[in-house]
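Now for the letters of each chain:
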Amino acid sequence: MTIHFSKDHEWVDASNAAAAIVGITTHAQDALGDVVFVDLPEVGKTYAAGDVAGVVESVKAASDVYMPVSGEIVEVNEALRANPSLANSDPMGAGWFFKLKLSDASELGGLMNEAAYTDFTKA
Amino acid sequence: MSEPALLTTPLAALHHELGARMVPFAGYSMPVQYPAGLMAEHLHTRAHAGLFDVSHMGQLMVRGAGAAAALETLMPVDVQGLAVGRQRYGLLLNDAGGIIDDLMFFRQEENAFFIIVNGACKVGDIAHIRERIAARCNIETMPDHGLLALQGPEAVAALEPLVPGVARLVFMSGAHFTWQGTPLFITRSGYTGEDGFEISVPGNKAEALARALLAQPQVQPIGLGARNSLRLEAGLCLYGNDIDATTTPPEAALNWAIQKARRTGGERAGGFPGAEKILAQITNPALLERKRVGLVALERVPVREHTGLYGENGEKVGVVTSGLLAPTLDKPIALGYLPPALAAVGTRVNAMVRGKPVPMEVAATPFLPPNYHRG
């Protein structure tokens, strides 16, 4: 399983191109602090890479969630909507945000691998 | 253009050691949160005791035979009637009746007042105070002093063993104390809605005192993030958000801070900047175009500062000035401004959040019952 990372601190697990999983990174949730609210996109809606697809809020601040790649939303994490702290406790797992059907799998090539992302967060 | 270098407080090394996340605030590098995180820090303060570094705030002494009368020319509050040993909330006003800053003042002696002002306003405040009353009073700033706040229901249990006698203080009183040979000035007050203390300490002893407090089992370090969520639950204004130089005290729902002696018919009515306008607004609230209110969202969506408020026909009626998901109440709360006709508790308005209406209801403040020690 390969995970790709965006400069906007989202991760994509595209093991299944028809339902690639997107969430925010461990680094992102750490910077945000305690997540108290998420706004998730509508299932069936199509977004281009870089579009705002949702919002994640801590007590202190609100941050947009960007589409790391283009695609159609096929599922959102209702458990996260009900319990936003999953984004803190398990950001790379149970705290996923949505799944999308990739429009163009080649866009994944524009994202970083884990090592490159780790360097990016330290820069 | 490079940013000007940030100032540091006497606790900078301690914050680093504790793993604080530091942010620029009021020209200082300040801890916004520690590793426990905002939510845990907030709930710890409400249940036990939290230690806050508020050394960025301005501390000053105003002394002189006419100090009380002179301060009454700057503020609409009763200074002359304040007893020695007591503290009061004050408002510095501009000549249009707008709020330059809000502050706490303490009468240490008949002719000596200890004043604490907001960090972000202190340079301007001190210049203003000097310009207006330096001819009548001696004004001395205290840049070599740190300020610690110890807040929460267990604050007294944490402080009394170190500084015997503080338990005898009641809310909005204070006194000089000594800790290991160091002079402290302690008031029983704060900015969280909880019982607690504010401790003025010589800067070179601030870290040692903070370490002694943190060694108490009740005490954890608390950052500015939780300080903000605590004060908002307590319904307290943040200068620069909820009040500013364009807001008058009646608009800000701060009439309670204008005692009878300074109101129309009082023994020292008026005589403060903007008095004519402010006293007219108190006498005739119909003159107000907006009023500060508390708001609670009816959906679990945080509504933040600058969010517009709309009436039932979609017309813009006001704005949110502070808002967040309240950690103790576990629901979104806010302060904001609405026309007086929409300011009654229970009135519904819509906040527009990312293009979607979020229903809000005007609510009484404080949002949580305060836990002050009134003796």
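Quantities reported herein were computed from a predicted structural model and do not represent experimental measurements.

Draft legend 1. Spotlight on the overall build of chain A. Looking only at helices and strands, one finds four helices and nine strands in chain A. Mapped from its N terminus to its C terminus, chain A presents α and β elements in the order β-β-β-α-β-β-β-β-β-α-α-β-α. Against the globule reference of 14 Å for 123 residues, chain A gives a C-alpha radius of gyration of 13 Å, in line with a compact fold. Principal-axis analysis of the C-alpha atoms places the extent of chain A at approximately 35 × 35 × 25 Å. The buried share among the 123 residues of chain A stands at 43%. The long-range fraction of contacts in chain A, counting pairs at least 24 apart against all pairs at least 6 apart in sequence, stands at 60%.

Draft legend 2. Here's a closer look at the overall build of chain B. If you tally the helices and strands in chain B, you get eight helices and 19 strands. In terms of C-alpha radius of gyration, chain B reaches 21 Å, essentially the compact-globule figure of 21 Å for 375 residues. Based on the C-alpha atoms only, the size of chain B along its principal axes is roughly 65 × 50 × 50 Å. When each of the 375 residues of chain B is scored for burial, the buried share is 47%. In chain B, the share of contacts with a sequence separation of at least 24, taken over all contacts with a separation of at least 6, comes to 66%.

Draft legend 3. Quick peek at the interface of chain B and chain A. Contact with chain B, which involves 14 residues of that partner, is made by ten residues of chain A. Grouping the amino acids of the side of chain B that touches chain A by side-chain chemistry returns seven nonpolar, four polar and three charged.

Draft legend 4. Seen up close, the sheet that holds strand β4 (residues 58-63) of chain B. Residue and element names in this part refer to chain B. With respect to topology, five strands assemble into an open sheet ordered β5-β6-β7-β4-β8, the strand pairing being antiparallel. Across the chains shown, the open sheet's two edge strands, defined by having one partner strand only, are β5 (87-93) and β8 (138-141). For this sheet, the mean inter-axis angle between neighbouring strands, taken without regard to orientation, is 30 degrees. Where β4 meets β8, four bridges bridge the pair, whose relative direction is antiparallel. By the bridge assignment for β8, Val62 is matched with Ile139. Of the strands in this sheet, β4, β5, β6 (99-109), β7 (112-117) and β8 are in contact with helix α4 (residues 122-133), which crosses β4 at around 10 degrees.

Draft legend 5. Examining the environment of Pro327(B) more closely. Residue and element names in this part refer to chain B. With respect to the secondary-structure elements, Pro327 resides in the loop between β16 (316-326) and β17 (331-338). Given 22 C-beta atoms within 10 Å, Pro327 falls into the buried group. For the pair Pro327 and Val23, spaced 304 residues apart in sequence, the C-alpha to C-alpha distance is 21 Å.

Draft legend 6. Highlighting the domain arrangement of chain B. Residues and elements named next belong to chain B. One can read the domain layout of chain B as domain 1 (12-58 + 144-222) and domain 2 (289-375). For domain 1 and domain 2, the distance between their C-alpha centroids amounts to 30 Å. Counting residues at the interface gives eleven residues for domain 1 and ten residues for domain 2.

Draft legend 7. Highlighting the nonpolar core. Residues and elements named next belong to chain B. Judged by nonpolar contacts, the single largest core of 125 residues is most densely connected at Leu71, Met75, Ile115, Leu148 and Leu150. Mapped onto the domain boundaries, this core takes at least three residues apiece from domain 1 (12-58 + 144-222) and domain 2 (289-375). Residues within four places of Met75 in sequence aside, it is in contact with Gly90, Leu91, Leu92, Leu93 and Phe272.

Draft legend 8. The sheet that holds strand β6 (residues 52-58) of chain A, seen in detail. Residues and elements named next belong to chain A. Ordered by their spatial adjacency, three strands build an open sheet running β4-β6-β7, and the pairing between neighbours is antiparallel. Of all strands in the sheet, those with a lone pairing partner are β4 (35-39) and β7 (62-66), marking the two edges. Pairs of neighbouring strands in the sheet enclose a mean axial angle of 25 degrees, with direction left out of account. Note: β6 against β7, five bridges, orientation antiparallel. In the sheet register, Glu57 faces β7, and the bridge partner there is Ala62.

Draft legend 9. Up close: the packing of helix α2 (residues 38-47) of chain B against helix α7 (residues 224-233) of chain B. Residues and elements named next belong to chain B. Taken N-terminus to C-terminus, the directions of α2 and α7 make an angle of 55 degrees; their axes are 9 Å apart at the nearest point. Taken together, the axis directions place α2 and α7 in an arrangement best described as oblique. You can see that α2 and α7 cross each other, and the crossing is right-handed. Each of Leu38, Glu41, His42 and Thr45 in α2 lies in contact with α7, whose residues at this interface are Gly225, Ala226, Ser229 and Leu230.

Draft legend 10. Examining the environment of His145(B) more closely. Residue and element names in this part refer to chain B. If you trace the backbone, His145 turns up in strand β9 (residues 145-151). Owing to 19 C-beta atoms within 10 Å, His145 belongs among the partly exposed residues under this scheme. Each C-alpha atom of the pair His145 and Pro202 lies 4.4 Å from the other, and the pair is 57 residues apart in sequence.

Draft legend 11. Layout of α4(B). All names here are of chain B. Its twelve residues place the ends of α4 16 Å apart at the C-alpha level, agreeing with the 16 Å of an ideal helix rising 1.5 Å per residue. For α4, the full list of buried residues reads Lys122, Asp125, Ile129 and Ile133. In an axial view of α4, the angular spread of the buried residues amounts to 60 degrees, which keeps them on one side of the axis. Exposed residues pointing more than 90 degrees away from the buried face of α4 are listed as Ala127 and Glu131. If you follow the buried residues of α4, they end up packed against β4, α3 (67-72), β5, β6, β7 and β8.

Draft legend 12. Fine view of the environment of Ile258(B). Residues and elements named next belong to chain B. Mapped onto the fold, Ile258 is located in the loop between α7 and α8 (275-283). Overall, the presence of 22 C-beta atoms within 10 Å leaves Ile258 in the buried class. Once the C-alpha coordinates of Ile258 and Ala26 are considered, the two residues, 232 residues apart in sequence, prove to be 28 Å apart. Every residue in contact with Ile258, bar those within four places of it in the chain, is listed here: Pro76, Val77, Pro249, Arg263 and Ile282.

Draft legend 13. The pairing of strand β19 (residues 356-363) of chain B, seen in detail. Residues and elements named next belong to chain B. In this sheet, β19 lies alongside strand β14 (residues 291-297) in antiparallel orientation, the contact comprising four bridges. Looking across to β19, one finds that Leu295 is bridged to Val362. Counted between consecutive antiparallel strands, the loop separating strand β18 (residues 348-353) from β19 contains two residues, among which Arg354 sits at a positive phi close to 50 degrees.

Rules and cut-offs
- Residues numbered from 1 in each chain as written.
- Chains lettered and ligands numbered in written order.
- Predicted model: local features only at pLDDT ≥ 70, side-chain atom pairs only at ≥ 80, totals over all residues.
- Helix = DSSP H or I, 4+ residues; strand = E, 2+ residues; numbered from the N terminus.
- Rg over C-alpha atoms; globule rule 2.2 N^0.38 Å.
- Buried ≥ 20, exposed ≤ 12 C-beta atoms within 10 Å, placed from the backbone.
- Contact = placed C-beta atoms within 7 Å.
- Nonpolar A, V, L, I, M, F, W, Y, C, P; charged D, E, K, R; others polar.
- Pairing = 2+ DSSP bridges.
- Axes fitted to C-alpha atoms, helices over the stretch in contact; angles between N-to-C directions.
- Domains from an automatic or database assignment.
- Core = buried A, V, L, I, M, F, W, Y, C linked by C-beta atoms within 7 Å.
- Parallel < 35°, antiparallel > 145°, perpendicular 65-115°, else oblique.
- Left-handed = near helix turned anticlockwise from the far one by under 90°.
- Expected span 1.5 Å × (residues − 1).
- Arc of directions from axis to C-beta.

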